[in-house]
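Residue strings, one per chain:
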Amino acid sequence: VMRGAGVEQADLDATLAVLESFRGAIVTAPTFCEKYAAALGVTQVELMTSVVSAVFANVTDAASPLKMYFDGTVPAGSTDFTADAAARARLATGLVAFFGEPLGCTEAGFPAFTGVRDQAALHAAMPITRADFDHFNAALLDVLAGAGVTAADVATVRGVLESFAPAIANTSPCDKYAALLGVTQEALMTTLVVDTFTRTVGTSLVRFFDGSGAGGGTDFTVAGSPQQAALVASLVAFFGAP
């Protein structure tokens, strides 16, 4: 209209700049899901299903350190998603909905997430280390990068994934093996200390614990004695702290 009315190009450019200044307040940027479903010419369900399927194939590969969490090995007796097609389909649908939610998948028909939202409770029986957590994230991010997702958007997704770290990733060997064995951390450390202590009996090290060393001392070798119990408790606390 302005050009047709004879407005000069310089003034048209100035007007365009004014109009563009309102873009951020008026135009809603597409979500990750909207952006890449449109770019790839697929539905949002198809987009997220393809991502989940590719990640599942990666983490259940024979060489993957995460396979044990999906094949029924850990926790013992859990569902083997690699062999049970129906269970695998339910898992895939749940993951599509779970990841689709923070990534802005809102098209009609996209599944709503109805699973367990407490990620700490959901993964409590899995001794997932930080390395395991990073491996899963790397698999997902590699799939996205391979599909043409920009580095900036990959970084955004990484931030979403990292938000789950405190609830999912066990940060210490004590966390990991207590969860793996299904015992408390105190019970785990007590077993280690008592077993180690028992192994010293009958060796040259026993003199440091039976009071026979230079200068004498307390005999900690009497099973069930208050002295032994106190030593065990002290060593559990000492080795458990770091």
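Per-chain numbering applies: the sequence of each chain, read as written, is numbered from 1 onward. For a predicted model such as this one, the threshold for reporting local features is a pLDDT of at least 70, and the threshold for listing and counting side-chain atom pairs is 80 or more; totals across whole chains, interfaces and linings nevertheless cover every residue. Side-chain numbers come from the whole structure's heavy atoms, not from hydrogens or water.

In this text, helices come from DSSP runs of H or I with a minimum length of four residues, and strands from runs of E with a minimum of two, each type numbered from the N-terminal end. Within the protein chain, the regular secondary structure consists of 12 helices and 0 strands. Moving toward the C terminus, one meets the helices and strands of the protein chain in the order α-α-α-α-α-α-α-α-α-α-α-α. At 29 Å, the protein chain has a C-alpha radius of gyration far larger than the 18 Å of a compact globule built from 242 residues. Referenced to the eigenvectors of the C-alpha coordinate spread, the extents of the protein chain come out at roughly 110 × 45 × 30 Å. In the form shown here, the protein chain has an accessible surface area of approximately 14300 Å², with 63% of it arising from carbon and sulfur atoms. We count Lys and Arg on the positive side and Asp and Glu on the negative side, and we leave His and both chain ends out. Here the site of a charge means atom NZ of a Lys, CZ of an Arg, CG of an Asp or CD of a Glu. With 12 positive and 23 negative side-chain charges, the protein chain shows a separation of 3 Å between the mean positions of the two kinds. Note that the radius of gyration is over C-alpha atoms, with the globule rule given as 2.2 Å times the number of residues to the power 0.38. To be clear on the numbers: accessible area is Shrake-Rupley with a 1.4 Å probe, and residue cover counts the displayed protein chains and nothing else.

This part takes up the layout of surface pockets. The definitions used throughout rest on a 1 Å grid laid over the protein atoms alone, on which a cavity is an enclosed set of points accommodating a 1.4 Å probe that cannot get out and a pocket is an open set flanked by protein within 12 Å on both sides along at least five of seven lines; lining residues are those having an atom within 4 Å of a point. Grid points are joined across faces, edges and corners, and a volume is the space filled by probe spheres set on the points. The calculated volume of the largest pocket comes to roughly 770 Å³. Lining of the largest pocket is provided by 28 residues; of these, Leu91, Leu95, Gln119, Leu122 and His123 occupy positions nearest its centre. For the lining of the largest pocket, the secondary structure elements donating two or more residues are helix H5 (85-100), helix H6 (119-122) and helix H7 (130-146). Take the lining of the largest pocket: its biggest share by element is 6 residues, from H5. Tallied by class, the residues present in the lining of the largest pocket amount to 19 nonpolar, 7 polar and 2 charged. Following the grouping adopted for this structure description, the nonpolar residues are Ala, Val, Leu, Ile, Met, Phe, Trp, Tyr, Cys and Pro, the charged ones are Asp, Glu, Lys and Arg, and the polar ones are all others, Gly among them.

When the sulfur atoms of two cysteines come within 2.5 Å, that pair is taken as a disulfide. Counted by the stated rule, this structure contains 1 disulfide. What pairs with Cys33 in a disulfide is Cys105, and their sulfur atoms sit 1.9 Å apart. Around the S-S axis, the bridge from Cys33 to Cys105 shows a dihedral of about 95° and counts as right-handed. Of this pair, Cys33 sits in helix H3 (residues 32-40) while Cys105 sits in the loop between H5 and H6, and the two are 72 residues apart along the sequence.

Helix length check: helix H4 (residues 44-59), at 16 residues, gives a terminal C-alpha distance of 23 Å against a target of 22 Å (1.5 Å per residue), a fit within 8%. Working definition: with a 1.4 Å probe on protein chains only, accessible area under 20% of the residue-type maximum means buried, over 50% means exposed, and in between means partly exposed. Taken together, the buried positions of H4 are Gln44, Leu47, Met48, Val51, Val52, Val55, Phe56 and Val59. Projection of H4 onto a plane perpendicular to its axis shows the buried side chains occupying an angular sector of 160°, all on one side. Only heavy atoms enter the contact rule, under which two residues are in contact if any of them lie within 4.5 Å. In this structure, the buried residues of H4 make contact with H3, H5 and H7. A helix is expected to span 1.5 Å multiplied by its residue count minus one. Here the arc refers to the set of directions running from the helix axis out to each C-beta atom.

A few words now on a nonpolar patch on the surface. The patches described consist of residues with a relative accessible area above 30% and no salt bridge, like charges being joined within 9 Å and nonpolar side chains (Val, Leu, Ile, Met, Phe, Trp, Tyr) within 5 Å. What counts as a salt bridge is simple: a side-chain nitrogen of Lys or Arg found within 4 Å of a carboxyl oxygen of Asp or Glu. A contiguous nonpolar surface patch, about 510 Å² in accessible area, is contributed by Leu16, Val18, Leu19, Phe22 and Ile26. Of the residues forming the nonpolar patch, the biggest block, 3 residues, is contributed by helix H1 (residues 9-20). Note on placement: Leu16 falls in helix H1.

Within the structure shown, the criterion is met by 2 cavities of 30 Å³ or more. Empty space within the largest cavity amounts to approximately 60 Å³. Breaking the lining of the largest cavity down by element, the ones donating at least two residues are H4, H5 and H7. The element best represented in the lining of the largest cavity is H4, accounting for 5 residues. The residue makeup of the lining of the largest cavity, split by class, is 10 nonpolar, no polar and no charged. Considered as a void within the structure, the second largest cavity measures approximately 50 Å³ in volume.

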